[in-house]
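This is what each chain is made of:
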Amino acid sequence: TAEDFGYDGSIGPTYWGERYQECRGKHQSPININVLRVKQVALPDITFIGFNDPIDNVHVTNNGHTVLIEVENEPHPRVSGGPLDGTYVFSQMHFHWGDNDTLGSEDKINHRSFPMELHMVFYKEEYNTVKEAVTHTDGLTVLAFFYELDRHQHPAYDDITSALSNVTDPHSSIVMNNPFSFLNILPYDLRRYFTYRGSLTTPPCSEVVIWLDFEQPVRLTHEQIEVFRELRSASGKIRHNFRPIQPIGDRTVFYNID
Ligand code: SG5
Ligand code: ZN
């Protein structure tokens, strides 16, 4: 649960496996993606359902490990197609970042880190709940988006950063003032992505995630990313919350370009 793992010292990633057996598994996330070793494929188009709709009652929560964005109203956005069999329902999104702009992403590409990464977590509709979904190897899909630095502010992120300044304390939560649309915060190109089978990147590290890592980063200013680094946990600022890369083992990463 929430307070028994962290990113430093005796509760850091090196020790997760002592309490959570699955964190020692052979199909863990994150990984480094070596672009020379990926298998190029032309997968069916991904269908993004409800990503364009303005959503009211979006909750932003500092849970002491990251900031979670959740939607209250039904129906939740959905995703299908690509490598996915069936439809996956939005659960929550959250971010991983680093102490400075040279690190912070979880997956890496050719050993390159990005300053921040967004995870949109979806559970397979036929499993009805996240709790049930995490007991199936195809239970979750996470859409992952990298960030890179730009000199120009990304206006769609202003609503998020102003929400963040109201949840700097751990276990604080607010409802966003303005309607929020998923597509507005994503990169333009959603056709090029890497996909592989992996795990949750936090305990319990369940190996139930179909990862989709979109190639085109979202561009933010240093100042916009700095707002995330002001968020606090019970023991001070959340300076970093990314897990180190794990062995790829016998897995193949696929690269969709079509
Ligand atoms: C997130 O990472 C959230 C989890 C999420 C994991 O950071 O974890 C925390 O913030 C620690 C408490 O989301 C929740 O706990 C929802 C309340 O776990 C899940 O989404 C489980 C289904 C791991 O997600 S990740 O692999 O995409 N990084
Ligand atoms: Zn995550």
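Predicted, not measured: the structure shown is a model, and the values here were computed from it.

**Re the overall build of the protein**
Reasoning step 1: Counting secondary structure elements, the protein contains four helices and 16 strands.
Reasoning step 2: Relative to the 2.2 N^0.38 estimate, which gives 18 Å for 258 residues, the radius of gyration of the protein is 17 Å and therefore close to what a compact globule would have.
Reasoning step 3: Referenced to the eigenvectors of the C-alpha coordinate spread, the extents of the protein come out at roughly 45 × 45 × 40 Å.
Reasoning step 4: The buried share among the 258 residues of the protein stands at 53%.
Reasoning step 5: At a minimum sequence separation of 6, the contacts of the protein that also span at least 24 residues come to 73%.

**Let's talk about the coordination of the zinc ion (ligand 2)**
Octahedral metals with six donors have ideal donor angles of 90 or 180 degrees. Tetrahedral metals with four donors have an ideal donor angle of 109.5 degrees.
Reasoning step 1: The protein atoms that coordinate the zinc ion (ligand 2) are His-94 (NE2), His-96 (NE2) and His-119 (ND1), at distances spanning 1.9 to 2.0 Å.
Reasoning step 2: Look at where the donors of the zinc ion (ligand 2) fall in the sequence and you get H-x1-H-x22-H.
Reasoning step 3: For His-96, a relative accessible area of 2% translates into the label buried.

**Some thoughts on the pairing of strand 13 (residues 209–220)**
Successive residues of a regular strand alternate their side chains across the two faces of the sheet.
Reasoning step 1: A large share of strand 13 lies buried, amounting to nine of its twelve residues.
Reasoning step 2: Looking at chain direction, strand 10 (residues 140–149) and strand 13 are connected through nine bridges and run parallel. Looking at strand 13, one finds that Thr-141 is bridged to Ile-210.
Reasoning step 3: Where strand 12 (residues 193–198) lies against strand 13, six bridges are found, and the strand directions are antiparallel. Within strand 13, the residue paired with Tyr-193 across the bridge is Phe-214.

**Notes on the side chain of Thr-161**
Reasoning step 1: As for its position among the elements, Thr-161 is in helix 3 (residues 158–164).
Reasoning step 2: Polar contacts involving the side chain of Thr-161 include one to the main-chain carbonyl oxygen of Asp-158, which spans 3.2 Å.
Reasoning step 3: Contact partners of Thr-161, with chain neighbours within four places excluded, come to Gln-224 and Val-227.

**Here's the deal with the pattern of salt bridges**
Reasoning step 1: All chains considered together, the criterion is met by 13 salt bridges.
Reasoning step 2: Among the salt bridges present, the one from Asp-45 reaches Arg-191, with a minimum N-O distance of 3.2 Å. In this pair, Asp-45 is assigned in the loop between strand 2 (39–41) and strand 3 (46–49) and Arg-191 in the loop between strand 11 (172–175) and strand 12, connecting sequence segments 146 residues apart.
Reasoning step 3: For Asp-45, a relative accessible area of 47% gives the class partly exposed.
Reasoning step 4: One salt bridge connects Glu-125 with Arg-78, and the closest N-O pair in it is separated by 2.7 Å. Within this pair, whereas Glu-125 is found in the loop between strand 9 (116–124) and helix 2 (130–133), its partner Arg-78 is found in strand 6 (residues 78–81), the two being separated by 47 residues in sequence.
Reasoning step 5: Note on Glu-125: relative accessible area 34%, which makes it partly exposed.

**Description of the packing of aromatic side chains**
Reasoning step 1: Within the structure shown, the criterion is met by 18 aromatic pairs.
Reasoning step 2: Ring geometry for Phe-145 versus Phe-214: centroids 4.7 Å apart, planes at 10 degrees, classification stacked. Here Phe-214 lies in strand 13 and Phe-145 lies in strand 10, a separation of 69 residues in the sequence. Neither residue differs from the other here; Phe-145 and Phe-214 are each classed as buried.

Cut-offs applied
- Residues numbered from 1 in each chain as written.
- Chains lettered and ligands numbered in written order.
- Predicted model: local features only at pLDDT ≥ 70, side-chain atom pairs only at ≥ 80, totals over all residues.
- Heavy atoms only, no water.
- Helix = DSSP H or I, 4+ residues; strand = E, 2+ residues; numbered from the N terminus.
- Rg over C-alpha atoms; globule rule 2.2 N^0.38 Å.
- Buried < 20%, exposed > 50% of the residue type's maximum accessible area, 1.4 Å probe, protein only.
- Contact = heavy atoms within 4.5 Å.
- Donors = N, O, S within 2.8 Å, 3.2 Å for Na, K, Ca; no water.
- Pairing = 2+ DSSP bridges.
- Polar contact = N/O pair within 3.5 Å; in protein donor to acceptor, adjacent residues only side chain to side chain.
- Salt bridge = Lys/Arg side-chain N within 4 Å of Asp/Glu carboxyl O.
- Phe/Tyr/Trp six-rings, centres within 6.5 Å; stacked < 30°, edge-to-face > 60°.

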